[in-house]
Amino acid sequence: QVQLVEAGGGLVQAGGSLRLSCAASGLTFSVYVMGWFRQAPGKEREFVGGIIWRASSTRYADSVKGRFTISRDNAKNTVYLQMNSLKPEDTAVYYCAADTRTWGIRTDRNAYEYWGQGTQVTVSS
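Residues numbered from 1 in each chain as written. Predicted model: local features only at pLDDT ≥ 70, side-chain atom pairs only at ≥ 80, totals over all residues. Heavy atoms only, no water.

J.: Please explain the overall build of the protein as it appears in this structure.
T.: Helix and strand counts for the protein stand at zero helices and eleven strands. Relative to a compact globule of 125 residues, whose C-alpha radius of gyration would be 14 Å, the protein shows 13 Å and is just as compact. Among the 125 residues that make up the protein, the fraction classed as buried is 45%. Carbon and sulfur atoms provide 46% of the accessible area of the protein, an area that totals close to 6,200 Å². Averaging the locations of the 14 positively and 10 negatively charged side chains of the protein gives two centres separated by 3 Å. (Helix = DSSP H or I, 4+ residues; strand = E, 2+ residues; numbered from the N terminus. Rg over C-alpha atoms; globule rule 2.2 N^0.38 Å. Buried < 20%, exposed > 50% of the residue type's maximum accessible area, 1.4 Å probe, protein only. Areas by Shrake-Rupley, 256 points an atom, 1.4 Å probe, with all protein chains shown as cover. Lys, Arg positive; Asp, Glu negative; His and termini not counted. Charge placed at Lys NZ, Arg CZ, Asp CG, Glu CD.)

This is the structure:
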C-alpha cells in the first residue's frame, strides 16, 4: 500500500504561482511513476504531468507545458508541482497518484493505483 497526501492548494490570481506537494508513505519502494491529475467541475479527471520516481524524466500535458514543473525529493518521499503563470482554466482539484506497475509515464488515470485526497486550486481572473 502507498499513501499519498497533497498540500499547497489555495486561491491565487491569474498570473500567479502555487506549489503543490505530495508526500508518499508506505511501500514507496514499489513506486515507478508519480503523476499529477486535475479535475474541474463537470469535467473528467485529466493528466497534468508525471515523473519517474527514481529518475528525472518528466512528461506534461500540452496545456501546462512551459508553465508547470514537476520535481521530486526522494529523501523526503515527496513530489512537487510548481505551477506558474496560472490561468482561470487551471482551476480544479489537483490529485497526485502513484503507478507501481509501469515503467513509463502514462496519461491514463486507470494506470495509477494509488491516489491522494486532492487539493483545491482556484485561479481568479
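J.: Explanation requested: unusual backbone geometry in the structure shown.
T.: Most peptide bonds adopt trans geometry, and most residues besides glycine take a negative phi value. The phi dihedral of Asn77 falls on the positive side, at around 50 degrees, and the residue is not glycine. Tracing the chain through its elements places Asn77 in the loop between β7 (68-73) and β8 (78-83). At Ser85, a residue that is not glycine, the phi angle is positive and equals roughly 50 degrees. A residue is classified by how much of its surface remains accessible, and Ser85, at 41% relative accessible area, is partly exposed.

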